[in-house]
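The residues making up each chain are set out below.
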Amino acid sequence: MDTPAPPWTNWDDLRLALAVARHGTLSAAARALRTTQPTISRRLAALERAVGVRLFERTATGLSPTPLCRSLLDGLEAMDQGALSIERRIAARDTALQGRVAVTSIDWLGDYVVAPMLARFGALHASIDLELVNEGRVFNLARGEADLAFRFGPFAQENLVERKVADVRFGLYASVEYLARHGPPDFAQGCAGHAVVTLHRDGGNAPDVDWLRRLAPAARVVLRANGISAHLAAVESGEALAVLPRVVADGRAALQRLETPVPEPVRAMRLGVHAELRKAPRVRALIDFAVQDLAQRAGVLNPP
């Protein structure tokens, strides 16, 4: 008579426990595994009942691994990396242009640049299932949280291949209504008497933020926000000036781009993919399409 395998030999359940340990909450683990929080909660409870011990302590801020769970994490990480490597190698040998490709980007870059490009690619390849997730957090491509990433700045993760795919230019904008009330800013006076919207303090020092600081050191900061959508809304309301991507703002009749004494900032948009996955036909096809498509839109992303 065959002896049933113990429940902890189920890799899907062990991978779930690893995701909870990595992310600290059920909701974050659910996002990483592309499932729902109730599903994660139910499966974790079932795993703990089957094993007969608690793997996590429930706290007010999330879930903390128990000493037993922490002792398993190195082994689980090694298993996860091995499983992901196998999955990537299988994907790379699949010669068909079909299957799922998960793409991640950030905020407006995903909404205004990546999403239209992916839609054009999807219209040409009905058998490829495309997903786009825009979040502020950095997805770990090495862990398989996404297949491709489009963002600014270099990729720090191991075994990734990256390339520059576009330049994106920014400008300083005000609404027509704002300029009628306040007049154009005097850059020689540091934009004294004017109001600006800028990035919140935890958002780092992006080139466009530094540029605004140099242009308008005397302006009053009326809002710090972490997304371009908030900056755009504040400018369109007629309450402030803000730096916006030209691909987002140039086509809006109610906004006016201001001529500045300092050249407008340009940020390099980069694509990242795991080295083992880039040869998978569906991924390779998307990379090639993205490079060509974004090159054709260079005048929109980086206008003169």
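Attention in this report is confined to the structure presented alongside it. (Residues numbered from 1 in each chain as written. Predicted model: local features only at pLDDT ≥ 70, side-chain atom pairs only at ≥ 80, totals over all residues. Heavy atoms only, no water.)

## Digging into the pairing of strand β2 (residues 62–65)
Going by this rule: Two strands form a pair only when DSSP identifies at least two bridges running between them. Here a helix means four or more residues in a row that DSSP labels H or I, a strand means two or more in a row labelled E, and each is numbered from the N terminus.
Relative to β2, strand β1 (residues 56–59) runs antiparallel, the two being bridged by four bridges. Bridge pairing in β2 links T59 to G62. What sits between β1 and β2 in their antiparallel hairpin is a turn of two residues.

## What to know about the side chain of R169
Rules: For the exposure calls, accessible area comes from a 1.4 Å probe over protein chains only, and a residue counts as buried if that area is under 20% of its type's maximum, exposed if over 50%, partly exposed in between. For the purpose of charge, His is not counted, nor are the chain termini; Lys and Arg are scored as positive and Asp and Glu as negative. Counted as salt bridges are all cases of a side-chain nitrogen of Lys or Arg within 4 Å of a carboxyl oxygen of Asp or Glu. Contacts are assigned to residue pairs with any non-hydrogen atoms lying within 4.5 Å of each other.
Structurally, R169 is set in strand β6 (residues 160–175). Buried charge without a salt bridge: R169, with E264 as the nearest opposite-charge side chain at an N-O distance of 4.3 Å. Filtering out sequence-adjacent residues up to four positions away, R169 remains in contact with P245, R246, E264, P265, V266, L301, N302 and P303.

## Re unusual backbone geometry
At D107, a residue that is not glycine, the phi angle is positive and equals roughly 45 degrees. Looking at where D107 falls in the secondary structure, it is placed in helix α5 (residues 107–124). Accessibility expressed as a relative area gives 28% for D107, which makes it partly exposed. At C191, a residue that is not glycine, the phi angle is positive and equals roughly 65 degrees. Since its relative accessible area comes to 0%, C191 is described here as buried.

## Focus on the packing of helix α1 (residues 11–23) against helix α3 (residues 37–51)
Note the cut-off: Each axis is a line fitted through C-alpha atoms, taken for helices only over the stretch in contact, and angles between the N-to-C directions span 0 to 180 degrees. Every angle not falling under 35 degrees, over 145, or within 65 to 115 is termed oblique; those three ranges are roughly parallel, roughly antiparallel and roughly perpendicular. Handedness of a crossing is defined here by the sense of rotation of the near helix relative to the far one, left-handed for an anticlockwise turn of less than a right angle and right-handed for a clockwise turn. Three classes are used, and their members are as follows: Ala, Val, Leu, Ile, Met, Phe, Trp, Tyr, Cys and Pro are nonpolar, Asp, Glu, Lys and Arg are charged, and the others, Gly among them, are polar.
Two elements in contact, α1 and α3, have axes separated by 10 Å at closest approach and are oriented at 110 degrees. The pairing of α1 with α3 is recorded here as roughly perpendicular in orientation. Handedness of the crossing formed by α1 with α3: left-handed. Along the contact surface, α1 presents D12, D13, L16, A17 and V20, while α3 presents I40, R43, L44 and L47. Residues that form the contact of α1 with α3 fall into these classes: six nonpolar, no polar and three charged.

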